[in-house]
Amino acid sequence: MMIIGKTAGEIFDSIRAQVHSGDLAPGTLLPSVRELANALGVNRNTVALAYKRLTDAGFAVSKGRNGTVIRDAIAEVELEGSTADLALRDLASGNPSADVLPQLSDLVAFIRSSPSLYGEVAIRPDLEKAGRTWLQADLTSAFDLNLTGGAVDAVERVLASWLIAGDRVAVEDPCFLSSISTLKHNRLQVCPVPVDTQGMQPEALASQLEAGVKAVIITPRAHNPTGYGLSAERAAQIRTLLQAYPQVLVIVDDHFSLLSTQDYHHVIPANTQNWVLIRSTSKFLGPDLRLAFVASDGETSARLRQRLNAGTNWVSHILQDLAGASMSSPQFAHQIAEARQRYQQQREALVVALKRYGVTVSPQHDGLNVWIPLVGDSATIVLQMAQRGWLIRGGESFALGSAGNGLRITVADLNPAETEQIAQSLAVFLSASRPTFLSQQA
């Protein structure tokens, strides 16, 4: 490598140009600060500042005493959903059932006749009132409310409001695919925290907090892919841990919210300086009507609004009208209860059927999926199930560390006959591959 320059900016530009040209490949160890300073005839602080700019911009990663390394290229991350022309029965998409989503044709009449123009209020007053009522029940302090284009949009904008490339973020392992994508594409360092049936493991989270994470993203219930949720005891443990780190940004993504069969347990301490609680409509109104209510402290709200103002200014008022009409309709509570019961029954039916064939999985499940943990790679079983006509998703897609071995099965549209068939097929393949299957006692 041939690094040139006399100022921090010139050194930074020289290295960045070589990264772009491919002369400095991912994983390349840069010279030590002392070595490069001596070679260029500059002060060590000049090189140190250039290296800091490289890490802040996401071109390099500091390994402490092990030096500064050119960062790996951003890898493609799998997405939720499946193509519409599949020959297999799709149990991998993670989608809600269209049967329990509102019909758009019934809501069109509620769209305002006059178009919205720049300068209007960001949130329709009736929708803001509904959002405040929804979130206030689980918050003990005053909060600001904003609206984004879904939970993933909210997480990305909040992270970008506070963090810079290279900052460390603690997340669950296995992790929601969109969270993995968001962190990697924003060049943030992913710090995995393994989960068990009660949520994030406190010891692992404590280690990441001590190591200096700048933010924590927590799914309080219906964790994707496992379906696990925080117990009251675990939530209290996490809240106690976070209390010692008031400067850490806390993001709570309660994406399943109204459809959840588990209680919400708050994890944000009163002394946390910057926080958000996010609740999306995508699971009960559908991905086309996705928007997210974002409750937060005042400073985070101001930063979030600045990021919204720099783009579209507001979530489409047409979407707001449709969502507001659905959520204020007399049938809404019944529709939510019906969908919640449906998903619970279909999860329960698969868990019971699996147990009948000797496959015991955790009774702690919520959301649209059932998780079957494995102690080895899922590829063989995924292939065997595909040969039987079933498309399921291997857990490795969600893995950050070693906690992602498993199978995720979306149950939203499973009927009783299919439930029996898939349980029987899985039992055969899991039995043949023992000790691949990691039994969980009820």
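Before reading on, note that the structure itself is shown above.
Residue numbers here run from 1 along each chain, matching the order of that chain's written sequence. Residues qualify for local features only when their pLDDT is at least 70, as the model is predicted, and side-chain atom pairs are given and counted only at 80 or more; totals for whole chains, interfaces and linings, by contrast, use all residues. Side-chain numbers here rest on the full set of heavy atoms in the structure, without hydrogens or water.

A.B. asks: Help me understand the sheet that holds strand 7 (residues 199-200), please; the structure alone is not making it clear to me.
C.D. replies: Remark on secondary structure: sheet strands pair via backbone hydrogen bonds, oriented parallel or antiparallel. Whether two strands pair comes down to DSSP finding at least two bridges between them. For the purposes of this entry, the term helix denotes a DSSP run of H or I that reaches at least four residues, the term strand denotes a run of E that reaches at least two, and both are numbered from the N terminus. Spatial ordering of the open sheet is given by 4-11-10-9-8-5-6-7, a layout of 8 strands whose pairing is mixed. Of all the strands in the sheet, the pair left with one neighbour each is strand 4 (144-148) and strand 7. Of the pairings in the sheet, the one linking strand 9 (residues 249-253) to strand 10 (residues 275-280) comprises 4 bridges and is parallel in character. Directly across from Asp-253, in strand 10, lies its bridge partner Ile-278. Where helix 7 (residues 202-210) meets the sheet, its contacts fall on strand 5 (168-173), strand 6 (189-196), strand 7 and strand 8 (215-218), and the angle it forms with strand 6 comes to roughly 160 degrees. In what follows, residue pairs with any heavy atoms lying within 4.5 Å of each other are defined as contacts. All axes are obtained by fitting lines to C-alpha atoms, using only the stretch in contact for helices, and the reported angles, taken between N-to-C directions, cover 0 to 180 degrees.

A.B. asks: I tried to follow the nonpolar core on my own but got confused; where do I start?
C.D. replies: Note that soluble globular proteins tend to have their nonpolar side chains buried in a common cluster. Take the buried Ala, Val, Leu, Ile, Met, Phe, Trp, Tyr and Cys residues and link them wherever side-chain atoms come within 4.5 Å; each set so joined is a nonpolar core. Each residue is placed in one exposure class: buried if its accessible area under a 1.4 Å probe, protein chains only, is under 20% of its type's maximum, exposed if it is over 50%, and partly exposed if it falls in between. Judged by nonpolar contacts, the single largest core of 52 residues is most densely connected at Val-216 and Phe-293. In this structure Val-216 touches Ala-170, Met-200, Leu-205, Leu-209, Leu-242, Val-248, Leu-249, Val-250 and Ile-251, once residues within four positions along its chain are discounted. Of all hydrophobic cores here, the second largest spans 25 residues; its members include Val-361, Trp-390, Ile-409 and Ile-422.

A.B. asks: Even after reading the chapter, I still don't get helix 5 (residues 151-162), so can you show me in this structure?
C.D. replies: Along its 12 residues, helix 5 runs 17 Å from first to last C-alpha, staying within 8% of the 16 Å computed at 1.5 Å per residue. Those residues of helix 5 not exposed but buried are Ala-151, Ala-154, Val-155, Arg-157, Val-158, Leu-159 and Ser-161. Working rule for helices: expected span equals 1.5 Å times residues minus one.

A.B. asks: Help me out: how do you make sense of the side chain of Glu-172 in this one?
C.D. replies: Relative to the helices and strands, Glu-172 is located in strand 5. By the counting scheme adopted, Arg and Lys are positive, Glu and Asp are negative, and His together with the chain ends is not counted. Every case where a carboxyl oxygen of Asp or Glu lies within 4 Å of a side-chain nitrogen of Lys or Arg is listed as a salt bridge. Among buried charged residues, Glu-172 stands out as having no salt bridge; its nearest opposite-charge side chain is Arg-234, 9.8 Å away. Contacts described as polar in this section are N or O atom pairs within 3.5 Å, which, within protein, must combine one atom able to donate a hydrogen with one able to accept it, while residues neighboring in sequence count only if both atoms come from side chains. A polar side-chain atom of Glu-172 sits 2.6 Å from the main-chain amide nitrogen of Thr-219. Setting aside anything within four residues of it in sequence, one finds Glu-172 in contact with Val-193, Val-195, Met-200, Ile-217, Ile-218, Thr-219, His-223 and Leu-400.

A.B. asks: What's the story with the packing of helix 12 (residues 332-356) against helix 14 (residues 416-432) in this structure? I'm lost.
C.D. replies: The geometry of a pair of packed helices is captured by two quantities: the angle between their axes and the separation between those axes. Contact geometry of helix 12 with helix 14 gives a least axis separation of 9 Å together with a crossing angle of 40 degrees. On the basis of their axis angle, the class for helix 12 and helix 14 is oblique. Seen from above, helix 12 lies across helix 14 with right-handed handedness. Between helix 12 and helix 14, the residues in contact are Ala-349, Leu-350, Ala-353, Leu-354 and Arg-356 and Thr-419, Glu-420, Ile-422, Ala-423 and Leu-426, respectively. Split into classes, the residues belonging to the contact of helix 12 with helix 14 amount to 7 nonpolar, 1 polar and 2 charged. To sort the angles, those under 35 degrees are grouped as roughly parallel, those over 145 as roughly antiparallel, those from 65 to 115 as roughly perpendicular, and the leftovers as oblique. In this scheme the crossing of two helices becomes right-handed for a clockwise turn of the near helix relative to the far one and left-handed for an anticlockwise turn of less than a right angle. Under the scheme applied, nonpolar residues are Ala, Val, Leu, Ile, Met, Phe, Trp, Tyr, Cys and Pro; charged residues are Asp, Glu, Lys and Arg; polar residues are all the others, including Gly.

A.B. asks: Mind showing me how you'd approach the pattern of salt bridges here?
C.D. replies: Tallied over the entire structure, the rule returns 16 salt bridges. When the shortest N-O distance is used, the salt bridge between Arg-89 and Glu-418 registers 2.6 Å. Here Arg-89, found in strand 3 (residues 89-90), pairs with Glu-418, found in helix 14; they are 329 residues apart in sequence, far enough to count as distant. Classification of Arg-89 as partly exposed rests on a relative accessible area of 27%.

A.B. asks: What exactly am I supposed to notice about the packing of aromatic side chains here?
C.D. replies: The geometry of two aromatic rings is summed up by the distance between their centres and the angle between their planes. Planes of paired rings set the category: under 30 degrees apart is stacked, over 60 is edge-to-face and the rest tilted, where pairs are Phe, Tyr or Trp rings (Trp by its six-membered ring) whose centres lie within 6.5 Å. Counted according to the given criterion, the structure contains 6 aromatic pairs. An angle of 70 degrees between the planes, with centres 6.2 Å apart, marks the rings of Phe-12 and Phe-59 as edge-to-face. Highlighted residues: Phe-12 in helix 1 (residues 8-21) and Phe-59 in the loop between helix 3 (44-56) and strand 1 (60-62), separated in sequence by 47 residues. No difference in accessibility class separates Phe-12 from Phe-59, as the two residues are buried. Between Tyr-118 and Trp-314 the ring centres are 6.0 Å apart and the planes differ by 55 degrees, which places this aromatic pair in the tilted class. One end of the pair, Tyr-118, is in the loop between strand 3 and helix 4 (125-136); the other, Trp-314, is in the loop between helix 10 (298-309) and helix 11 (317-328), with 196 residues separating them in the sequence. Overall, the relative accessible area of 73% leaves Tyr-118 in the exposed class. When its relative accessible area of 15% is taken as the criterion, Trp-314 is described as buried. Members of the aromatic cluster, each reached through a chain of ring pairs, are Trp-134, Phe-284, Phe-293 and Phe-332. A cation sits over an aromatic face here: Arg-53 above Phe-12, 4.2 Å from the ring centre. We call a charge positioned over a ring when the NZ of a Lys or the CZ of an Arg lies within 6 Å of the ring centre and within 35 degrees of the ring normal.

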